[in-house]
Amino acid sequence: MNSTIPVIEVNNLSIDYQLGKRWLNAIRDVSLRIDPFEIHGLVGESGSGKSTLALALMRYLAGNARISSGEILLDGENLVPKSEHEMRHIWGKKLSLVPQDPLAALNPSYTIGEQIAEVTRLHEGLSKQQAFSRAVELLAKVKIADPEAVVRRYPHQLSGGMQQRVTIAMALSTQPRLLVLDEPTTALDVTTQAVILDLFRDLIHDNKAAALYVSHDLGAIAQMCDRVTVMYGGEVMASAPVHPLYAAPLHPYTMGLLASIPRPTEGVETRLPTIDGVAPSLAERPSGCVFAPRCPVALPICFDEKPPLEIIDTGRMGKCHRWREIRSGELVMQTAPLEKVAASLPPDDNYVLMAGGVSKRFGSPSLFTRLVGGDSGYVQAVDDVSVRVRARSTLGLVGESGSGKTTLARSIVALEVADDGQMTLLDMPIANTLAGRSQVVLRELQMVFQNPNDTLNPYQTVGEALARTIRRLSSRAMTQTEIRAKVNDLLDEVRLTAEYADRYPAELSGGEKQRVAIARAFATDPALVIADEPTSSLDVSVQAVVLNLLKDLRAREGASYILISHDLAAVSYLADWIAVMYLGQIVEEGDTEDVYQAPSHPYTEALLSAIPAPDPTVQRGNIRLEGDVPSPRNIPSGCRFHTRCPRKIGAICEAQEPPWLDAGDGHRIRCHIPIDELIAMQSTPPDSERNEVSL
Amino acid sequence: MSRYIIRRLLLLAVTMLVTSLIIFGLTQVIPGDVAQLILGREAGEQALADFRAEFGLDDPLPVQYVNWLGGFVTGDWGRSFTSGNPAVRPLVMERLGNSMRLATMTLIISVPVSILLGVLAALWEDSWLDNLISVLSLSVVGLPEFVTGLLLINGIALGIKSLGLPATSSVPDGTLEDWIRQLILPSLTATFVLLGYIARLTRAGVLDELKKPYVRTATLKGLPYRAVIFKHVLRNALLPTITVIALSVGWLIGGLVVIENVYNYPGLGALMVDAVKQKNLLMLQAIVMVTIFFFALANLVADLLYAVLNPRIRLE
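The shown structure was predicted, so the numbers you read here are calculated from the model rather than taken from an experiment. Throughout this description, residue numbers start from 1 for each chain and increase along the sequence as written. Chains carry letters and ligands carry numbers; both start at the beginning, A for chains and 1 for ligands, and go up in the order they are written. Per-residue local features of the predicted model are confined to residues with pLDDT of at least 70, and side-chain atom pairs are confined, for both listing and counting, to 80 or more; whole-chain, interface and lining totals are unaffected and use all residues.

1. Describing the overall build of chain B
Move 1: To qualify as a helix, a DSSP run of H or I must reach at least 4 residues; to qualify as a strand, a run of E must reach at least 2; elements of each kind are numbered from the N terminus. Along its length, chain B carries 13 helices and 0 strands.
Move 2: Listing each helix as α and each strand as β along chain B from the N terminus yields α-α-α-α-α-α-α-α-α-α-α-α-α.
Move 3: Each principal axis of the C-alpha atoms in chain B carries an extent, and together these give about 85 × 55 × 35 Å.
Move 4: To sort residues by burial, count the other C-beta atoms lying within 10 Å of each one's C-beta; a count of 20 or more means buried, 12 or fewer means exposed, and anything in between means partly exposed. C-beta atoms are built from the backbone. Counting the 316 residues in chain B, one finds 35% classified as buried.
Move 5: Counted over contacts in chain B with a minimum sequence separation of 6, partners at least 24 positions apart contribute 70%. Distance between backbone-placed C-beta atoms decides contact: two residues are in contact if it is within 7 Å.

Below you can see the structure in the form of structure tokens.
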């Protein structure tokens, strides 16, 4: 260890939660140090205890939690024995939190200025006047345009990116020693995340602060952090400087996590390596190595004896019985070769779905507005969009929030009634309203929703939910036994055992719930399944399981998908055709490989550039979209993207709607810049420099 | 905002119009002949006919309705059927004044007390204090007003005579102090009805807000506990409570029939019961219109207050 005094040092910290009368161990024997100027990453899946640990570093615990042993040293001073009253002089002054969901973390009833000023008035004794002008300066520092106006606004009047800038301005207002960033970009679009990550890094360095960056996003961690600690089941699995951790992971869990990230470079016919099983709950943590039950290389000793947290190199620690074998190369992990999915027929040229000229607007003016007159602002969510899906293929729809991709999907399944547009499913014209659709159409067109927690009835068992769909939509009357058999088949398809039929959604993990939702969608043997962000609420290891499942089902059942996602890597893993949407229109579409290569629409280019690569050696693309998506109430004239376009060529972009350019093989781009020039500009797309992560 | 208020005032007018139709229709279907009822069974045909002519009871119903509504809007609320045929409006206005005094007094007592109890119960959730407040507030809500009223009369007015609180409030004159003395027991009785309701709502509101992430943000700013609670939590937790209080004003003005009877307090509710018993149609119609007006107005004020206090609500 070097001789600098760490900003924060945690030694052998254990934290328990009270559940009923029992105390359950949540954090066990964790040690961690963060040096001055260091950005320390804390990764782990949900339930790993990373958020508990992050808040515990601030000596902030839930009401039913206690620190059972260990110490937390802030500049050498132990925080553990301090009372809450004493901590109030440290919170906000030396320790600051940048929270996960900025809208929820700001008080809805006070202005931005008031909420920032509160901190400096309290800790630096500024007057009301001084504190407000300081708030304006701070907002300018986090690059908020027109800070004088923003201080007077309320949180809900700002976009997500702006809200997150406000919370960081608030956290930095007193020049704290340590910033704790708790999943600060999880709720943001990838383009906004890229801008915010740059800002964080600059500000943390400028303020000479240290930071703990908590995230489940291995890409963001790789790009942000100097050192990383990996947590699992309440324990530290590994801790290392960022480069060796990603380049040569020594812990099977770290290896599994890194391998399960979908990467755009892999072909359509491969499956992602996964980590089998689920994370243990607090009550059933194993007595040996916590990861042993899911570890592909566990030995009998791993189940019996907890490995110690050993120092491997300077600044590198690991908790595994087998790290020496892994380092020497004696033990090779089985995750490396990519499994192929079951052979399937290639996509054919018949179209399952053709939707032409679909439009949807919200908020038509009320009777009163029409009588009195005035602003009749409506939202044109989808504007004359046409999509086609070939049999046994996947159409990926990508775009930021507000791009209209979800509204388009909901219009196709008739959860929204499209104002305009013709749709045909399997060559049959279908109505735009749900009432106008026959049983057959309902059967052939199914949807998987974003959040499985909200889409399963909590008072219905999995079996009942599936049986109901079968009974309602099956083409013929079925007996109880037949239905029961079909339920079991479906569960088997999504790799759940038959016992799951009797479970309630509350007894399932997030990934299991999403598998049930997928089973429900497949209950009717549909021709087309629309999946709206099916993995965005899941952990990376669980996401890999769900993506593999979707791929297997496509091969086995011959179904087609429309996959909606903001995660371009996940889309590219599954989709063979991609449409990029911006403000209600498609700006580019084409074969997946073509879309990810030059030439690209400048918007697609920016989206790709914004993805943080899960590899610290890869420089991220440097194209950043400043500002937010314009309000769909006031769609910009000419090219809709001209207000944010980094490649804008001049007045023509503001005046004329761009033409469709043909880039070959059906690859189309809606832009004023000719194809040749786009290729020249984008000759080194951000992806081409990507190095493979060696495992 | 101003457009919203105009729209809401228009809606209020529509509400009043519908109310007038309903109340006019209802008074027509009350069984029995009004003239006979008022003049007695011995009244001769001529006397009955004169009475009907005097009060326009012979006109076709639509004419009667239009005449009544037109008069009502211009301030001529007609005359009572009772002896001497006094004008309705001053009578109703006097009683309305009394009811408003009682409502004001009730709010002054009940609002701070019940909010305080609710906040205490929430901050000490599941403690003995919380349980005590729950039991007390629920048990007084469960008791009918005539029971709590009689208990207060026997226990305080008659039991502790030295306090000098009158058991009945028959003299609507005198100094402010006299007024307050007369109002204390009736408004305490009404407070008991509101107490549990407002306290439970406040408790639930505070508990809801305490769970929200902004409370953690405020705490981790290093703010003192009382600032976290009073500045951050209460500002949001009391929003629903405030609207419920505004809504209860309508009830306090027109709905305290039982309490007014128990204390013999000359309020609007007691007058309404008399008017129904006597089939005093014009009086009844006027009272109902006034009561509904205050209900609707309280509703409007509640919505506006909510919008003013909650920056997330945009009124369009």
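There's more to say after this.
2. A closer look at the overall build of chain A
Move 1: Across its full length, chain A carries 26 helices and 24 strands.
Move 2: By the compact-globule yardstick of 26 Å for 695 residues, chain A fits well, its C-alpha radius of gyration being 26 Å.
Move 3: Oriented by its inertia axes, the alpha-carbon framework of chain A measures out at about 70 × 65 × 50 Å.
Move 4: Here chain A holds 695 residues, and the buried ones make up 51% of them.
Move 5: Contacts spanning at least 24 positions in sequence make up 70% of the contacts within chain A whose residues lie at least 6 apart. As defined in this context, the radius of gyration uses C-alpha atoms, and a globule is described by 2.2 Å times the residue total to the power 0.38.

3. Examining the interface of chain A and chain B
Accessible area lost on assembly of the parts is the figure often given for the size of an interface.
Move 1: Listed per partner, the contact involves 24 residues of chain A and 19 residues of chain B.
Move 2: Ranked by the residues each element gives to the side of chain A that touches chain B, the list is headed by helix H4 (residues 112-124) of chain A, at 4 residues.

4. Notes on the packing of helix H1 (residues 2-29) of chain B against helix H13 (residues 281-309) of chain B
Residue and element names in this part refer to chain B.
Move 1: Lines fitted to C-alpha atoms define the axes here, with helix axes fitted over just the stretch in contact, and angles between the N-to-C directions of these axes take values from 0 to 180 degrees. For the pair H1 and H13, interaxial distance at closest approach is 10 Å and the crossing angle is 150°. When the axis of H1 is compared with that of H13, the two are roughly antiparallel. With respect to the hand of their crossing, H1 and H13 are arranged in right-handed fashion. Across the interface between the two elements, Arg 8, Leu 12, Thr 15, Met 16, Thr 19, Ser 20, Ile 23, Phe 24 and Thr 27 from H1 touch Leu 281, Leu 284, Gln 285, Val 288, Met 289, Ile 292, Phe 293, Ala 296 and Leu 300 from H13.
Move 2: Among the residues forming the contact of H1 with H13, the class breakdown is 12 nonpolar, 5 polar and 1 charged. Comment on the angle field: the value is read as roughly parallel under 35 degrees, roughly antiparallel over 145, roughly perpendicular from 65 to 115, and oblique elsewhere. Crossing handedness: left-handed means the near helix sits turned counterclockwise from the far one by under a right angle, and right-handed means the same turn made clockwise. Basically, the charged four are Asp, Glu, Lys and Arg, the nonpolar ten are Ala, Val, Leu, Ile, Met, Phe, Trp, Tyr, Cys and Pro, and anything else, Gly included, counts as polar.

5. Considerations on the domain arrangement of chain A
Residue and element names in this part refer to chain A.
Move 1: Start and end points for every domain follow an automatic or database-based domain assignment. Under the domain assignment, chain A is made up of domain 1 (248-328), domain 2 (351-362 + 379-578) and domain 3 (604-689).
Move 2: On a C-alpha basis, the centroid separation for the pair domain 2 and domain 3 is 30 Å.
Move 3: Elements represented by at least two residues in the side of domain 2 that touches domain 3 include exactly strand E14 (379-390) and helix H22 (568-574).
Move 4: Here the side of domain 2 that touches domain 3 takes 3 residues from E14, the largest share from any one element.

6. Observations regarding the domain arrangement of chain B
Residue and element names in this part refer to chain B.
Move 1: As assigned here, chain B comprises domain 1 (32-76) and domain 2 (92-309).
Move 2: Distance from the C-alpha centre of domain 1 to the C-alpha centre of domain 2: 39 Å.
Move 3: Contact with domain 1, which involves 5 residues of that partner, is made by 4 residues of domain 2.
Move 4: Partitioning the side of domain 1 that touches domain 2 into residue classes produces 4 nonpolar, 1 polar and no charged.

7. Observations concerning the sheet that holds strand E24 (residues 668-670) of chain A
All names here are of chain A.
Move 1: DSSP bridges decide pairing: two strands pair if at least two such bridges lie between them. An order of E18-E19-E20-E15-E21-E22-E24-E23 is seen for the 8 strands of this open sheet, with the pairing classed as mixed. Only two strands of the sheet have a single neighbouring strand rather than two, namely strand E18 (445-448) and strand E23 (660-662). Ignoring which end each strand starts from, the neighbouring axes of this sheet average 20° apart.
Move 2: Note: strand E15 (residues 394-398) against strand E20 (residues 560-565), 5 bridges, orientation parallel. Residue pairing for E20: Leu 395 is matched across the bridge by Ile 562.

8. Focus: the sheet that holds strand E3 (residues 39-43) of chain A
Sheet strands pair by backbone hydrogen bonding; their relative direction is either parallel or antiparallel.
Residues and elements named next belong to chain A.
Move 1: Spatially, the 8 strands line up as an open sheet ordered E6-E7-E8-E3-E9-E10-E12-E11, and their pairing is mixed. In the strand order of this sheet, the two ends are held by strand E6 (95-98) and strand E11 (310-313), each with one partner. Strand-to-strand, the axes of this sheet are offset by a mean angle of 25°, without reference to chain direction.
Move 2: Judged from the 5 bridges that link them, E3 and strand E8 (residues 210-215) form a sheet pairing that is parallel. Looking at E8, one finds that Gly 41 is bridged to Tyr 213.

9. What about the pairing of E18 of chain A?
Residues and elements named next belong to chain A.
Move 1: Burial of the side chains of E18 extends over both faces: Leu 445 and Met 447 are buried on one face and Gln 446 and Val 448 on the other.
Move 2: Alignment of E18 against strand E19 (residues 528-532), held across 4 bridges, turns out to be parallel. Bridge pairing in E19 places Leu 445 opposite Leu 528.

10. Here's the deal with the nonpolar core
Side chains that are nonpolar tend, in soluble globular proteins, to be buried together.
Move 1: Each nonpolar core comprises buried Ala, Val, Leu, Ile, Met, Phe, Trp, Tyr and Cys residues, the members being joined through C-beta atoms within 7 Å. If you look at the biggest cluster of nonpolar residues, it comprises 265 residues, and the most contacted ones within it are Leu 178 of chain A together with Ile 287 of chain B.
Move 2: Setting aside residues up to four positions removed in sequence, Ile 287 of chain B forms contacts with Val 92, Leu 268, Leu 271, Met 272 and Ala 275 of chain B.
Move 3: Ranked by size, the runner-up nonpolar core spans 5 residues in total, among them Ile 669, Cys 671, Ile 673 and Leu 678 of chain A.

11. Re the environment of Phe 303 of chain A
Residue and element names in this part refer to chain A.
Move 1: Structurally, Phe 303 is set in helix H12 (residues 300-304).
Move 2: On the basis of neighbour count, Phe 303 is assigned to the partly exposed category, with 14 C-beta atoms found within 10 Å.
Move 3: Along the sequence, Phe 303 and Cys 289 sit 14 residues apart, while their C-alpha atoms lie 6.0 Å from each other.
Move 4: Apart from residues no more than four positions distant in its own chain, Phe 303 is found in contact with Pro 286, Gly 288, Ala 292 and Ala 298.

12. Regarding H1 of chain B
Move 1: Between its first and last C-alpha, H1 of chain B extends 41 Å over 28 residues, near the 40 Å set by a 1.5 Å rise per residue.
Move 2: Within H1 of chain B, only 1 of the 28 residues are buried, leaving the element largely exposed. To estimate how far a helix should reach, multiply one less than its number of residues by 1.5 Å.

13. A closer look at the packing of helix H18 (residues 462-473) of chain A against helix H20 (residues 510-522) of chain A
Residues and elements named next belong to chain A.
Move 1: Between H18 and H20, whose axes approach to 9 Å, the crossing angle comes to 20°. One way to sum up the angle between H18 and H20 is to call them roughly parallel. As H18 packs across H20, the resulting crossing turns out to be right-handed. Together, Val 462, Ala 465, Leu 466 and Thr 469 of H18 and Val 516, Ala 519 and Arg 520 of H20 make up the contact between the two elements.
Move 2: Per-class residue counts for the contact of H18 with H20 are 5 nonpolar, 1 polar and 1 charged.

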